[in-house]
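Report on the structure
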Amino acid sequence: MLATDTEIAGLLRRVKRIALVGASANPSRPSHGVMAFLLQHGFDVIPVNPGLAGQSLLGQTVVATLADAGPVDMADIFRSADAVPALVEEAIASGVPALWLQLGVIHHEAAARATAAGLDVVMDKCPKIEMRRLGMA
């Protein structure tokens, strides 16, 4: 699990294409604001939400599943903790190299499973907050 500022900054520098799992069309939802921020900072963001699949969100086509997002460098998870184990398995099967579990999304066993499978994992943090804190935005 990535925990130091150096590790987190390194991940954010490596990542170009992000699957944002749990994307919302509601501008008041944190996932919407984070997606807009990431797009503004040059990331290619693929929104993932089965209820919105096929629609456009912030100019990006929404896909139904993480696997549908195609090759990505990281999955940013805006789902409840109970959804994380299945998402970890989907990420492993899809070859996603990094998982970012948003603020309040904590699942130690699933994070350990992802780490054991070779994925970089950040848990209970927000890339928008971290980028600002680390002087990257």
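Structure first, text after, so check above.
Residues numbered from 1 in each chain as written. Predicted model: local features only at pLDDT ≥ 70, side-chain atom pairs only at ≥ 80, totals over all residues. Heavy atoms only, no water.

**Observations regarding the nonpolar core**
Formed by 25 residues in total, the largest nonpolar core has its most connected members in Leu-66, Ala-69, Ile-77, Val-84 and Leu-99. Contributions of two or more residues to this core are made by β1 (17-21), β2 (44-48), β5 (74-77), α3 (84-94), β6 (98-101), α4 (108-116) and β7 (120-123). Ranked by residue count, the leading element in this core is α3, at four residues. Listed in part, the 24 residues of the second largest apolar core include Leu-2, Val-34, Phe-78 and Ala-98. (Core = buried A, V, L, I, M, F, W, Y, C linked by side-chain atoms within 4.5 Å. Buried < 20%, exposed > 50% of the residue type's maximum accessible area, 1.4 Å probe, protein only. Helix = DSSP H or I, 4+ residues; strand = E, 2+ residues; numbered from the N terminus.)

**Points about the sheet that holds β7**
One open sheet accounts for five strands, arranged β2-β1-β5-β6-β7; its pairing is parallel. Looking along the sheet, the strands with just one partner apiece sit at the ends: β2 and β7. Put simply, the sheet's adjacent strands are angled 15° from each other on average, direction ignored. One ladder, built from three bridges, connects β5 with β6; its direction is parallel. Each bridged residue has a counterpart across the sheet, and for Asp-76 the counterpart in β6 is Trp-100. Those strands touched by α3 are β1, β5 and β6, and its axis lies near 160° from that of β6. (Pairing = 2+ DSSP bridges. Axes fitted to C-alpha atoms, helices over the stretch in contact; angles between N-to-C directions. Contact = heavy atoms within 4.5 Å.)

**Topic: the environment of Pro-97**
Note on placement: Pro-97 falls in the loop between α3 and β6. A C-alpha to C-alpha distance of 6.2 Å links Pro-97 and Met-74, two positions 23 residues apart in sequence. Sequence-distant contacts of Pro-97, that is, excluding residues within four places in its chain, are made with Val-72, Asp-73, Gly-118, Leu-119 and Asp-120.

**A short note on the pairing of β5**
Remember that side chains alternate between the two faces of the sheet whenever the strand is regular. Neither face of β5 is exposed, since Met-74 and Asp-76 on one face and Ala-75 and Ile-77 on the opposite face are all buried. Relative to β5, β1 runs parallel, the two sharing four bridges. Residue pairing for β5: Ala-19 is matched across the bridge by Ala-75. Since β5 and β6 lie parallel, the crossover through α3 that links them has a hand, and here it is right-handed. (Right-handed = clockwise from strand over helix to strand, strands pointing away.)

Just geometry here; none of it tells us what the structure is for.
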